[in-house]
Amino acid sequence: MSLIFAIFLPILVAIVIPFLFKKISSIHTGWFVLIVPVVLVGHYVTYISAIMDGTTYIDKFEWIPSLDISVVSYIDGLSLLFSLLITGIGALVVLYSVFYLDKDREKLGNFYVYLLLFMSAMLGVVQSDHLISLYFFWELTSISSFLLIGYWYTKDRSRFGALKSMMITVFGGLMMLGGFVLLGIMGETFSIRELIEQAPTLVGQEFFILALVLVLIGAFTKSAQFPFYIWLPDAMEAPTPVSAYLHSATMVKAGLYLVARFTPIFALSEVWVWLVTGVGLLTLLWGSFFAVKQTDLKAILAFSTVSQLGLIMSLLGIGSISYHVTGDLVTIFTFASFAAIFHLMNHATFKGSLFMIAGIVDHETGTRDIRKLGGLMSLMPISFTIAMIGSFSMAGIPLFNGFLSKEMFLDATLSLQHFNVHSLESWWMLFPIVAWIASVFTFVYSLYFVLHTFRGKYKPDLLPKKAHEAPIGMLISPAVLAVLVIIIFFVPNYFGNTFIKPAVAAIQPLAYKVPADVGFHIKAWHGFDSIALYMTLGVFLIGFLLYKSIAKWTPIYGMLPARMSLNGFYDWLMNLSDKGANRLSSSYMTGSIRSYLIYMFAAVIALLAFTMWTKDAFVINLTNLAPIQFFEILISVVLIISTITILVTKSRLTAIISLGAVGYTVALFYIIFKAPDLALTQLVIETVSVALFLGAFYHLPKMDKYEKGKEDRLFRLNNFLIALGVGVMVSLIAIASHSQKLVKSISEYYKETVYSEAGGGNIVNVILVDYRGFDTLFEISVLTIASLGIIGMITVRLAKKKGDRKVENK
Amino acid sequence: MKTNDLIIQTTTKVVFFIIFLFSIHIFFAGHYTPGGGFVGGLVMSSAIVLLMLAFDLKTVRDMLPFNYTVITAIGLLISLLTAAGSIYFNVPFFTHVYDYFNLPLLGETSIHTAMFFDTGVYLVVVGVTMNIIQMIGGDE
């Protein structure tokens with residue numbers, strides 16, 4: 001299977017999914033969909049051993065060769081790890097969704113098409129080596145996320161959340177595109193690998209910092225970093241399988257992937273180090289602090305995801321310090337990259353299982369409000385066990401993988417003391433302290449999540465449904481993840497060697513040539529002299545005390561003003577742009593076709609006059625003119641009389657017939673000047689349009705509507721000026737174009753080639769279908785669109801009238 | 001008031017077919033003499049308009065029970081596929097080909113892919129004009 005094909009496999013399968021959903025209603029569509037991620041996992045697993053040896057794979061598909069845009073799939077340790085996460089978690093999520101979404105009530109066709117679309121997009125993001133195709137897939141993930149969040153589109157909150165996530169992530173995506181373009185211009189290539197090779201020369205360039213910041217905005221919006229995180233809690237309106245998949249395990253990690261992937265390019269700048277580390281830590285603290293305030297199970301998890309993403313982000317930032325130090329210090333900081341990837345993997349396992357448990361609780365009790373829940377332990381023992389494993393891992397308690405990576409994280413923040421380039425002195429202390437405080441809150445919300453749901457008093461009268469254990473099928477996926485949580489704790493180095501080291505080698509190409517060079521060994525026990533150990537013990541102690549006294553100190557959240565929040569700012573901004581755009585367009589979109597015609601003609605006059613004047617184009621040359629024949633004068637007189645009739649008549653019927661007369665006389669001119677094609681077309685068009693006018697007659701307002709008063713005079717003056725302007729301009733252009741032949745007429749070319757190359761005799765028609773066939777194709781497309789528009793407008797009007805009549809009948 | 005349309009109705013019955021044949025003629029002749037898909041389509045529409053004037057909208061709709069939106073769509077599709085067909089032969093989009101064939105009855109005839117393209121134009125023009133006239137005329 002070629003790598004490119006593997007990326008697009010989900011989209012290809014998505015094409016048949018709606019048919020499967022319609023035709024085979026007895027089998028849940030999810031079972032068919034499940035085949036895709038399972039096949040892909042099997043496919044990517046075969047690469048593992050070669051990737052561990054440091055081999056990389058590449059596959060290229062020329063997309064737009066003339067613009068040097070291609071889809072390049074590049075597999076190294078980092079992209080393989082992500083690909084396995086995407087397809088592996090994807091398989092579990094699809095399996096879970098089979099039991100979560102009812103096959104008779106839900107629009108499964110839509111759901112799985114979106115999900116497969118996302119899968120392809122995400123694989124594309126993590127495997128693209130070409131910046132433009134990376135951007136393309138990146139936006140595709142935003143769009144599929146939008147569709148999935150809005151899956152229950154009849155709910156207001158779903159639509160709001162979908163729009164919010166799209167607004168923010170697409171904004172970030174556009175910023176990122178700007179950064180990519182700058183990078184592409186500076187490096188004269190769009191290939192990430194080639195840019196990495198040029199990194200040392202790129203650093204000094206003028207726009208390097210701008211490109212860096214723009215790319216980071218893209219990464220921060222996608223990975224829900226402060227202050228862009230606000231879309232993630234609202235995205236929780238999506239069905240839970242989606243939240244587990246997109247909004248915790250994969251899509252929100254695309255920003256982390258981007259930071260990891262671009263580390264070799266940008267890390268040489270200190271701005272990168274401090275931005276990534278600082279924003280990451282701030283997000284970690286912010287997210288963990290506000291997670292405790294939430295009352296919705298999924299909202300707790302959303303804030304916890306925000307904070308965990310911040311944690312990984314800051315680790316990646318600390319890891320990039322390795323580019324600024326030498327000697328032994330390098331490994332101290334590459335260790336942070338190692339910890340980042342390790343925690344990223346652990347987070348996918350425990351957070352995925354927790355989301356699925358939140359979904360199960362919602363599914364089996366009918367609510368996710370933690371204030372109504374409690375005492376489910378005895379009713380849902382298996383769910384409780386899984387939730388315990390997930391939460392304890394999240395809290396960083398031993399026997400679960402979260403403990404290992406959390407210790408590594410604390411170690412990494414402590415390692416900042418060795419980086420004193422800018423005479424940090426004691427400033428570095430700030431980082432471990434923030435990390436420690438955030439860890440305390442993480443501990444608190446982890447316990448809050450699991451104990452408030454499953455311990456305490458059972459409140460059956462508050463629950464919409466009678467609680468009971470979920471079906472076995474629904475429990476499989478979270479159970480698999482929970483088992484992984486424990487396995488990783490006991491054999492962390494197996495996972496370390498297989499997945500993490502190759503990925504770290506991709507982030508730190510300067511430090512490590514092949515994955516085997518990455519010499520880290522994960523240990524649960526570091527001895528009594530490890531500061532991280534005491535920090536962890538402190539977290540447990542303080543965290544437990546804070547959890548016990550949770551009711552006493554949570555009122556402080558109420559002291560924060562709601563209006564000043566980031567969400568308030570977002571709402572204000574959306575409202576402003578909504579209203580502003582509305583006001584702006586309603587100022588000129590009056591709905592009156594007369595105004596529109598005035599705008600258009602005025603623009604034509606202005607443009608033509610401006611060009612004529614600046615180019616000094618007007619010339620009049622009276623030599624070489626043909627003599628005027630008698631019947632030409634005659635036709636002109638008829639033309640003028642009919643035109644004047646249109647202006648002065650009081651009857652619309654007369655006006656229309658006079659207009660027809662104008663058309664026919666023009667056709668006569670065509671005949672005199674030997675343009676039979678034009679004459680023929682003009683004649684038929686006049687005939688048909690007169691008939692059309694007669695049809696439209698009925699709908700037009702009374703003609704004397706505008707006949708009275710001062711406004712009418714102004715209106716007429718306006719029209720007079722416009723008409724005069726157009727007439728004068730067109731006449732001037734006609735005279736000028738006749739008077740100077742600057743370039744050779746193209747008709748000679750047509751005459752020479754019409755038979756020999758186009759195989760025709762009638763130049764006019766050959767122009768239409770061959771020389772300028774593109775124009776014709778677009779014209780008939782426009783015609784079609786226009787007619788559909790007219791049909792739409794009139795049918796809506798008819799429907800409205802019918803509706804009115806119904807009301808009257810009542 | 002009862003109108004007497006006898007003359008126009010009787011004439012229309014004959015003239016309609018003449019115009020119709022004329023529209024076919026100028027469509028096919030278009031590549032060498034004045035005419036083509038656009039004019040041909042317009043002439044065809046004017047024939048139908050004549051029918052509508054002589055009889056009424058409903059009668060014409062019963063006589064020619066076409067869905068003009070579908071005709072428009074088919075026409076657009078034919079044009080687009082003719083233009084895109086060249087990609088299949090690995091030549092640029094919109095490359096036309098032609099050759100001369102000895103057809104029964106017609107003798108030596110040139111067949112040009114532009115003709116298929118023009119067929120699409122013809123159908124779109126008929127579809128669009130009839131659709132608009134029917135819609136506006138029928139909206140009471």
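This is a predicted model, so every value here is computed, not measured. (Residues numbered from 1 in each chain as written. Chains lettered and ligands numbered in written order. Predicted model: local features only at pLDDT ≥ 70, side-chain atom pairs only at ≥ 80, totals over all residues. Heavy atoms only, no water.)

(A) Focus on the overall build of chain A. Each helix and strand in chain A was counted, giving 31 helices and two strands. Once the C-alpha set of chain A is aligned to its principal axes, its extents read approximately 115 × 75 × 55 Å. The buried share among the 810 residues of chain A stands at 51%. Look at the contacts in chain A between residues 6 or more apart in sequence, and 80% of them connect residues 24 or more apart. Separation of charge centres in chain A, based on 56 positive and 48 negative side chains, amounts to 13 Å. (Helix = DSSP H or I, 4+ residues; strand = E, 2+ residues; numbered from the N terminus. Buried < 20%, exposed > 50% of the residue type's maximum accessible area, 1.4 Å probe, protein only. Contact = heavy atoms within 4.5 Å. Lys, Arg positive; Asp, Glu negative; His and termini not counted. Charge placed at Lys NZ, Arg CZ, Asp CG, Glu CD.)

(B) Structural detail: the interface of chain A and chain B. Counting residues at the interface gives 42 residues for chain A and 39 residues for chain B. Ranking the residues of chain A by area buried against chain B places Val769, Leu777 and Ile780 of chain A at the top, with a combined share of 15%. Inspection of the chain A/chain B interface yields six residue pairs in polar contact (both at pLDDT 80 or more). Contributions of two or more residues to the side of chain A that touches chain B are made by helix H27 (676-697), helix H29 (747-756), helix H30 (763-771) and helix H31 (773-809) of chain A. When residues of the side of chain A that touches chain B are assigned to their parent elements, the largest contribution, 16 residues, is made by H31 of chain A. (Buried area = accessible area lost by both parts, 1.4 Å probe. Polar contact = N/O pair within 3.5 Å; in protein donor to acceptor, adjacent residues only side chain to side chain.)

(C) Structural context of the pairing of strand E1 (residues 57-64) of chain A. Residue and element names in this part refer to chain A. As paired strands, E1 and strand E2 (residues 69-75) are joined by seven bridges and run antiparallel to one another. Looking at the pairing, Glu62 lines up with Ser70 of E2. Where E1 folds back onto E2 in an antiparallel hairpin, the turn is made up of four residues, including Asp68, whose phi is positive at roughly 60°. (Pairing = 2+ DSSP bridges.)

(D) Highlighting the packing of aromatic side chains. All names here are of chain A. Counted according to the given criterion, the structure contains 53 aromatic pairs over all chains. Judged by centre distance (6.1 Å) and plane angle (90°), the ring pair of Trp31 and Phe99 falls under edge-to-face. Remark: Phe99 occurs in helix H4 (residues 77-100) and Trp31 occurs in helix H2 (residues 29-45); sequence separation between them is 68 residues. Owing to a relative accessible area of 29%, Phe99 belongs among the partly exposed residues under this scheme. For the pair Phe171 and Phe228, a centre-to-centre distance of 6.3 Å together with 45° between the ring planes defines the contact as tilted. Taken together, the residues Phe171 in helix H7 (residues 156-187) and Phe228 in the loop between helix H9 (208-222) and helix H10 (231-234) connect sequence positions 57 residues apart. What links up through ring pairs into an aromatic cluster is the set Phe226, Tyr229, Trp286, Phe289, Phe290, Phe303 and Phe441. Here Arg193 stacks its cationic end above the ring of Tyr74, 5.0 Å away from the centre of that ring. (Phe/Tyr/Trp six-rings, centres within 6.5 Å; stacked < 30°, edge-to-face > 60°. Lys NZ or Arg CZ within 6 Å of the ring centre and 35° of its normal.)

(E) Structural detail: the confidence of the model for chain B. Residues and elements named next belong to chain B. Scored by pLDDT, chain B comes out at a mean of 86, with 96% of its residues at no less than 70. Within chain B, helix H1 (residues 6-29) carries the highest mean pLDDT (91), whereas strand E2 (residues 107-112) carries the lowest (76). With pTM at 0.77, the complex prediction returns an ipTM value of 0.91. (pLDDT = per-residue confidence, 0-100.)

(F) How the structure looks around the side chain of Ser391 of chain A. All names here are of chain A. By the element assignment, Ser391 lies in helix H16 (residues 381-395). One polar contact links the side chain of Ser391 to the main-chain carbonyl oxygen of Ala387, over a distance of 2.8 Å. Ser391 has contacts with Leu354, Ser446, Phe449 and Val450, leaving out every residue within four places of it along the chain.

(G) Region of interest: the domain arrangement of chain A. Residues and elements named next belong to chain A. According to the domain assignment, chain A contains domain 1 (267-548), domain 2 (593-749) and domain 3 (750-810). Just the C-alpha atoms count here: the centres of domain 2 and domain 3 sit 23 Å apart. Contact residues are listed per partner, giving six residues for domain 2 and eight residues for domain 3. Interface area, domain 2 with domain 3, both sides summed: about 720 Å², of which 46% is carbon and sulfur. The interface formed by domain 2 and domain 3 includes one salt bridge. As a salt-bridge pair, Glu748 and Lys751 come within 3.4 Å of each other at their nearest N and O atoms. (Domains from an automatic or database assignment. Salt bridge = Lys/Arg side-chain N within 4 Å of Asp/Glu carboxyl O.)

(H) Here's a closer look at the nonpolar core. Leu183 and Phe262 of chain A are the most contacted members of the largest nonpolar core, which has 215 residues in total. The residues touching Leu183 of chain A, leaving out its near neighbours within four places in the chain, are Leu131, Glu188, Thr189, Leu195, Leu202, Ala211, Phe262, Ile265 and Phe266 of chain A. Formed by 41 residues, the second largest nonpolar core is a distinct cluster that contains Ile26, Phe27, Met44 and Met52 of chain B. (Core = buried A, V, L, I, M, F, W, Y, C linked by side-chain atoms within 4.5 Å.)

(I) Fine view of the packing of helix H15 (residues 329-365) of chain A against helix H19 (residues 472-490) of chain A. Residues and elements named next belong to chain A. Contact geometry of H15 with H19 gives a least axis separation of 9 Å together with a crossing angle of 150°. Put simply, H15 runs roughly antiparallel to H19. Both H15 and H19 take part in a crossing whose hand is left-handed. Contacts between H15 and H19 involve Phe342, Met345, Asn346, Thr349, Phe350, Gly352, Ser353, Met356, Ile357, Ile360, His363 and Glu364 on the former and, on the latter, Met474, Leu475, Ser477, Pro478, Leu481, Ala482, Leu484, Val485 and Ile488. Classifying every residue of the contact of H15 with H19 gives 14 nonpolar, six polar and one charged. (Axes fitted to C-alpha atoms, helices over the stretch in contact; angles between N-to-C directions. Parallel < 35°, antiparallel > 145°, perpendicular 65-115°, else oblique. Left-handed = near helix turned anticlockwise from the far one by under 90°. Nonpolar A, V, L, I, M, F, W, Y, C, P; charged D, E, K, R; others polar.)

(J) Here's a closer look at the pattern of salt bridges. Residue and element names in this part refer to chain A. Inspection of the entire model under this criterion finds 15 salt bridges over all chains. Taking the shortest distance from any N to any O, the salt bridge between Arg261 and Asp76 comes out at 2.9 Å. Remark: Asp76 occurs in the loop between E2 and H4 and Arg261 occurs in helix H12 (residues 254-266); sequence separation between them is 185 residues. You can call Asp76 buried: its relative accessible area is 6%.

(K) Structural context of the packing of H9 of chain A against H12 of chain A. All names here are of chain A. Their axes nearest at 7 Å, the elements H9 and H12 cross at an angle of 160°. Classified by the angle their axes make, H9 and H12 are roughly antiparallel. Where H9 crosses over H12, the handedness of that crossing is left-handed. Touching Phe208, Ala211, Leu212, Val215, Leu216, Ala219 and Lys222 of H9 are Ala254, Gly255, Leu258, Val259, Ile265 and Phe266, all from H12. Here the contact of H9 with H12 is composed, by residue class, of eleven nonpolar, one polar and one charged.

(L) Summary view of helix H25 (residues 630-648) of chain A. Residues and elements named next belong to chain A. Look at H25: 27 Å from first C-alpha to last across 19 residues, which is about the 27 Å you get at 1.5 Å a residue. Listed in full, the buried residues belonging to H25 are Glu632, Ile635 and Ser642. Mapping the buried residues of H25 onto a view down its axis gives an arc of 95°, with all of them on the same face. Among the exposed residues of H25, those oriented more than 90 degrees off its buried face are Phe630, Ile641, Leu647 and Val648. At its buried positions, H25 is contacted by helix H26 (652-672). (Expected span 1.5 Å × (residues − 1). Arc of directions from axis to C-beta.)

(M) Structural detail: the side chain of Ser83 of chain A. Residues and elements named next belong to chain A. Looking at the secondary structure, you find Ser83 in helix H4. Among the polar contacts listed, one links the side chain of Ser83 to the backbone oxygen of Ser79, at a separation of 2.6 Å. The residues contacting Ser83, other than those within four sequence positions of it, are Tyr44, Leu123, Val126 and Gln127.

(N) Layout of H30 of chain A. Residue and element names in this part refer to chain A. Within the span of H30, buried status applies to Asn765, Val766, Val769 and Asp770. With its buried residues spanning 95° around the axis, H30 presents them on a single face. The N-capping residue of H30, defined by a side-chain oxygen 3.1 Å from the backbone nitrogen of Val764, is Asn762.

(O) Spotlight on a nonpolar patch on the surface. All names here are of chain A. A contiguous nonpolar surface patch, about 590 Å² in accessible area, is contributed by Leu399, Val483, Ile487, Phe490, Val491 and Tyr494. Residue contributions to the nonpolar patch peak at three residues, all from H19. Mapping Ile487 onto the fold places it in helix H19. (Patch = residues over 30% accessible without salt bridge, like charges linked within 9 Å, V, L, I, M, F, W, Y side chains within 5 Å. Areas by Shrake-Rupley, 256 points an atom, 1.4 Å probe, with all protein chains shown as cover.)

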